[in-house]
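An overview of the molecular structure
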Amino acid sequence: MHTAMAQETAAAKPAGADKAAEKPVESVMVVGTRKSVASAIDRKIRNATVSDSLVAEDINQFPDKNVGEALSRITGVQLTRDFGEGSQVAIRGVEPDLNRVEINGMSVLSTNGTAGRGAELRELASELIASIDVYKGTTADMTEGGVGGTVSIKTRKPLDFKETTIATTISGEQATSRGGVQPRASLLLADKFLEGRLGLMANIVYDKVYTQNDYARNTSWRFLRDWDFSPEKTVVSRDAALAGITSKAGCAGLPAAQKTACEAQWNDYSPGTPRYGIWTRDHDRSSAELTAQYKFSNALTAYVSYQANTQDERLNDRNFGTDFGATTRLSNAGTAPVYNQATGVPTTAGTCTPVSATATPAGVVVNNHYVTQYTVGNCLNVAGVGGQGAFSTSARDFGLNVKSRYASGGFNYRKDAWEVEGLIAKSSSDYQSQSNNIVLTQNAPGLKVTLDSQGLPHFDFPSAYSPDSASSYTQVQLQYRPSATKNTEDQAKLDFKYRLDSPFFTKLWFGAQGRKATAKQYGAGGYLVSNGDNLTSTADDITVPTANVNQTLIFDPLFTGSAQRAADTQSALNANFSTKYTNAAGMAELINKIRGTSPGTFFSGYDKVGNLPANWMTPSYAAAAPFFDTSHFNYGNLYQAMGTDGKVYPQVPAFGVDERIQSGYLRADWDTEVAGYGIQGNFGVRYTRTRDISTGLNRLQVRRASSASGGYSDYVVTNSIASVDNRYSDILPSANAMMWLVPDLFLVRLGWGKVMARPKIDLLAPNATCTVGSGNPAFGGDGTDDCTAGNPDLKPFRATNTDLSLEYYPSQDSQVSVGLFKKDISSYIMDKVLVKNVDLFKNGTLFDVTQPINGKGATTKGIELTARTAFTFLPGWLGGFGGDVNYTRMTFKYAPGTERLNVLDGTVLPYPGLSKNSYNVALWYDQGPINARIAYNYRDRFFTGTNDVSGNPVFMEKNGFLDAKIQWRYNKNITFSLEGKNLTDQAQITDAGDLFRVNELAWSGRRYFFSVSIKN
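Quick notes on the rules
Residues numbered from 1 in each chain as written. Predicted model: local features only at pLDDT ≥ 70, side-chain atom pairs only at ≥ 80, totals over all residues. Heavy atoms only, no water. Helix = DSSP H or I, 4+ residues; strand = E, 2+ residues; numbered from the N terminus. Rg over C-alpha atoms; globule rule 2.2 N^0.38 Å. Buried < 20%, exposed > 50% of the residue type's maximum accessible area, 1.4 Å probe, protein only. Contact = heavy atoms within 4.5 Å. Core = buried A, V, L, I, M, F, W, Y, C linked by side-chain atoms within 4.5 Å. Pairing = 2+ DSSP bridges. Phe/Tyr/Trp six-rings, centres within 6.5 Å; stacked < 30°, edge-to-face > 60°. Lys NZ or Arg CZ within 6 Å of the ring centre and 35° of its normal. Disulfide = S-S within 2.5 Å. Salt bridge = Lys/Arg side-chain N within 4 Å of Asp/Glu carboxyl O. Polar contact = N/O pair within 3.5 Å; in protein donor to acceptor, adjacent residues only side chain to side chain.

1. Re the overall build of the protein
From N to C terminus, the protein includes seven helices and 54 strands. Computed over its C-alpha atoms, the radius of gyration of the protein comes to 31 Å, within 12% of the 31 Å expected for a compact globule of 1016 residues. Considered along the principal axes of its C-alpha atoms, the protein spans approximately 100 × 65 × 65 Å. The 1016 residues of the protein split such that 55% are buried. Long-range pairs, those at least 24 residues apart, make up 73% of the contacts in the protein with a sequence separation of at least 6.

This is how it looks when you write it as structure tokens:
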């Protein structure tokens, strides 16, 4: 039976149990899988709300090398993987940005260079972790921010160790996609001094990870036109009037906008950018945690801790493909351009002949409304049309540096009925990318692109335009794209607990918390400070240059003269750009000097694709750089730059938000008896107030006619940096109750609470571009001018969670449970919504604005089933086996009128991050010197909540991952282990709405680890 069922909160114990037995959940030293399972079950029972836990199997021995992968073993937690490693988690179908991840009470900051609030879990070395609790319910004392749930990670403290401890693990790891052996090592040192009052601990981890992903891609899908002229609709409009029209001809009499929407029902899907890709990543990671803990008395303990995580990456991204972004890619020859023979500059532009709009073009094959084959047109007269620039091979070779730092100090005071805890913390993360690219572009008239039965592209090149021939290429471009993202959070927190001696209330909790957070990202930058007095002239403009750089060399095969064309004049915005020209011999010479071959064998070891090239010609960035001006390939213009007037101006961040949060709470634990059954629980309320000061760029431009034929041009009138102050508050009540229907055996738990999560940072930025005159009917407008904008007034995601959990514990290491849950999301955020007649600048001028807005959300609900046990009923060595299995099934329903729509075809999108079915199955063995585990993790297809390069939604196809690990304890001090990841060679497939519309098939192969662990 269970010997310690009490919990820190209202103790979940049978009626009449000794209240003095209550004690807080602390770090527990365990050894082996069985004890780890028993400890996790004990934590689950003790926790004050619905939760699940993981506990390290030994010092520096967590079940997985990656924290995210370990979390995926928990019921209701779904994992996103990148380069074969777990990166972010969804909880109960709620996307990562809406879950809170904290380490020792501090927010785990975003380190992936995006505007999201979701934590990147690869940076957290599992060797640092003592335990993880995933709270799916809520209590008033929990820091708000987790709509799906809160992941609470705890590292060890020095005084947890009973004696001097030295533990090290040395590993060799290999990714089958890269080969070789890379090191991973950890070292833990812990000791006590001053008669056991002072504890010191150092925990250091170093990991060198070499990985590779092979990709076959269409990148995105388009809905360009009706290619097959089938009488059947491809999609049915959500507009009932349009849906009722049964033939394309029936759209003819409608107004222009409705006619376009009506005819789009017969459009067909076509691949956007068919290509192949190889990403290699050389990833050095180091983590160190230094902690000092001092016991002033039996009542008072304090600590200081510092954790540093550093990632240095070298990334090489090779791409080989074409694009089909417009119907003009199929255009055929018209008239050639006419050149000034003395300068080499065209005096009369060339033309191309568009394909028929009333018949399927030659070379186009459509199956079931998907374009499965097309042939690039033979026109070379217009840039980007027909075969001109139709194919490219490229390579990025750049550095990425990520640092995160967590410094904290705290104390715990316990005496008599009082317990007081304090925390002061300072956290920061820095993400710096110096991305570059070398792109070789060739003409490819007659290129045939075919999609196979899996929707993957294949290329058939015309004989005169082989990508292996230097004479095929017409352009080389070297690019530089710097970016930097910095997040910080300062926190102060004070919690009080007072034990009550009353017949009903057992403990009173109250406390306060203050947080100050910042998030800022710089990227391209560059803007017009002033347009001067003359809107149509640039002579009096004041411009700040962009930090981006393009260095371009062009060969024009249509010019047959001998003149050397002069370099193009660049705008002030692109002051560090360069476009120069060369002849055929010069281009071929450069191509031969910078050419290389893609590494290894493409998709080697993956047998589920076929007829793909083993490798291809790819440029070398290192070989190309000496031929171009790279003097501005640095951060010189990233944060500030000199304007054309000689003054230095700050660059405008892509987003910049200062956030201030103050919170306070009151919670009461209670314990009573009804009909002989002990019932315990808690109720409380949390109040939180948020203030966001967000910064962005406001651009006002005017649209003017540029020709008698109705054309127009947009002229920037003003650019200004705007800051907006937004404030809101939330009251978050919660209540939990638990009862042992059978003492120490069968527990029923109820939970209810309101939760919230703040919006993504970039959506809050007051960036706005408004065009006066865009509503003019002469320019295709509807009478009201248009804007695109962020929304600094966004309110958070808000939801009400309800839980019912039935938990059966036949022994300390066994559990059978059923959980029912429901999330009513009352406030949601919808991006890129057209809102009419908005006074955006609070000056009485109305615009139609496309921006993110708040709306009613959705309801998600589901069931979780969990079973785990040790097979101690089996005889002899078979009694060392044990098993874990869990299953989650979920459904969703949007509030009427607030459905998320697919911008590609208007269909309704599923709830982001929600897989209908997911499960884990594990078999483990722990007896004598052998400890082993084999585990399979599966999740159904889901909408990722992200968009592809065309702005279309991305779906992840169902997948399952098989991992295994075996350990041999040579003696109590030395353990050998062998571990394998993704043993079934699972690939990951993303698509644009169904499995044939593949965006990307990504394969990373298997990973192996061999380790030796030594401890005193």
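2. A look at the nonpolar core
In this structure, Y276, Y374 and F603 are the most contacted members of the largest nonpolar core, which totals 30 residues. Every element with two or more residues in this core is listed here: β13 (275–295), β20 (370–375) and β53 (998–1003). Setting aside residues up to four positions removed in sequence, F603 forms contacts with D214, Y215, A216, V609, L612, L1001 and W1003. Core analysis: the second largest hydrophobic core is formed by 29 residues, L79, V89, A119 and V151 among them.

3. Some points on the pairing of strand β51 (residues 974–981)
In this structure, strand β50 (residues 959–969) lies alongside β51, joined through six bridges in antiparallel fashion. Following the sheet pairing, A964 is matched in β51 by G980.

4. Overview of the environment of T569
Within the element layout of this structure, T569 appears in the loop between β29 (549–555) and β30 (578–582). Separated by 424 residues in sequence, T569 and G145 place their C-alpha atoms 51 Å apart.

5. Thoughts on the packing of aromatic side chains
Per the stated rule, a full pass over the model turns up 50 aromatic pairs. Ring centres of W227 and F324 lie 5.8 Å apart, and the angle between their planes is 45 degrees; on these two criteria the pair is classed as tilted. Residue W227 is located in the loop between β11 (221–225) and α3 (240–243), and its partner F324 is located in the loop between β14 (300–322) and β15 (332–333); the two are separated by 97 residues in the primary sequence. Of the two residues examined, W227 and F324, each falls in the buried class. Between Y919 and Y936 the ring centres are 6.2 Å apart and the planes differ by 40 degrees, which places this aromatic pair in the tilted class. Of the two residues, Y919 is situated in strand β46 (residues 917–927) and Y936 in strand β47 (residues 930–939); the sequence distance between them amounts to 17 residues. Sitting over the face of the ring of Y215, R217 holds its NZ or CZ atom 4.0 Å from the ring centroid.

6. Considering the state of the cysteines
Taken as a whole and assessed by the stated rule, the structure comprises three disulfides. The side chain of C251 participates in a disulfide bridge whose partner is C262; the two sulfur atoms lie 1.9 Å from each other. Judged by the sign of its S-S torsion, about -60 degrees, the bond between C251 and C262 is left-handed. Residue C251 is located in the loop between α3 and α4 (256–263), and its partner C262 is located in helix α4; the two are separated by eleven residues in the primary sequence. With a relative accessible area of 0%, C251 lands in the buried category. What pairs with C770 in a disulfide is C787, and their sulfur atoms sit 2.0 Å apart. Measuring the twist about the S-S bond at about 115 degrees, one finds the C770-C787 disulfide to be right-handed. A residue pair is termed long-range when its members are at least 10 positions apart, and C770 in strand β39 (residues 768–772) and C787 in strand β40 (residues 786–789) qualify at 17 residues. Ordering the disulfide-forming cysteines of the protein by sequence position, one finds them joined as 1-2, 3-4, 5-6.

7. Comments concerning the pattern of salt bridges
Summed over the entire model, instances satisfying the criterion amount to 56 salt bridges. We note a salt bridge from R43 to D133, for which the minimum N-O separation is 2.8 Å. Placement of the pair is R43 in helix α1 (residues 33–46) and D133 in strand β6 (residues 129–135), with a sequence separation of 90 residues. Looking at R43, the relative accessible area reads 7%, which means it is buried. A salt bridge links D317 to R396; its shortest N-O distance comes to 3.3 Å.

8. Some remarks on unusual backbone geometry
Phi is positive for L194, close to 55 degrees, though the residue is something other than glycine. Locating L194 in the fold gives a position in the loop between β9 (182–193) and β10 (198–217). A relative accessible area of 54% means that L194 is categorised as exposed. The phi angle at H369 is positive, at roughly 70 degrees, despite the residue not being glycine. Looking at where H369 falls in the secondary structure, it is placed in the loop between β19 (365–367) and β20.

9. Re the environment of K136
Structurally, K136 can be placed in the loop between β6 and β7 (150–155). With relative accessibility at 1%, the residue K136 sits in the buried group. K136 sits 60 residues away from G76 along the chain, and the two C-alpha atoms are 9.0 Å apart. Beyond its immediate stretch of four places on either side in the chain, K136 contacts V50, S51, D52, I74, T75, G76, R92, G148, N801, D803, K823 and E864. Polar side-chain contacts of K136 include one of 2.7 Å to the side chain of D52.

10. Some remarks on the environment of T219
Structurally, T219 can be placed in the loop between β10 and β11. A sequence separation of 369 residues divides T219 from A588, and the C-alpha atoms of the two residues are 30 Å apart. A distance of 2.8 Å separates a polar side-chain atom of T219 from the backbone oxygen of T273.

Honestly, it's all geometry; don't read function into it.
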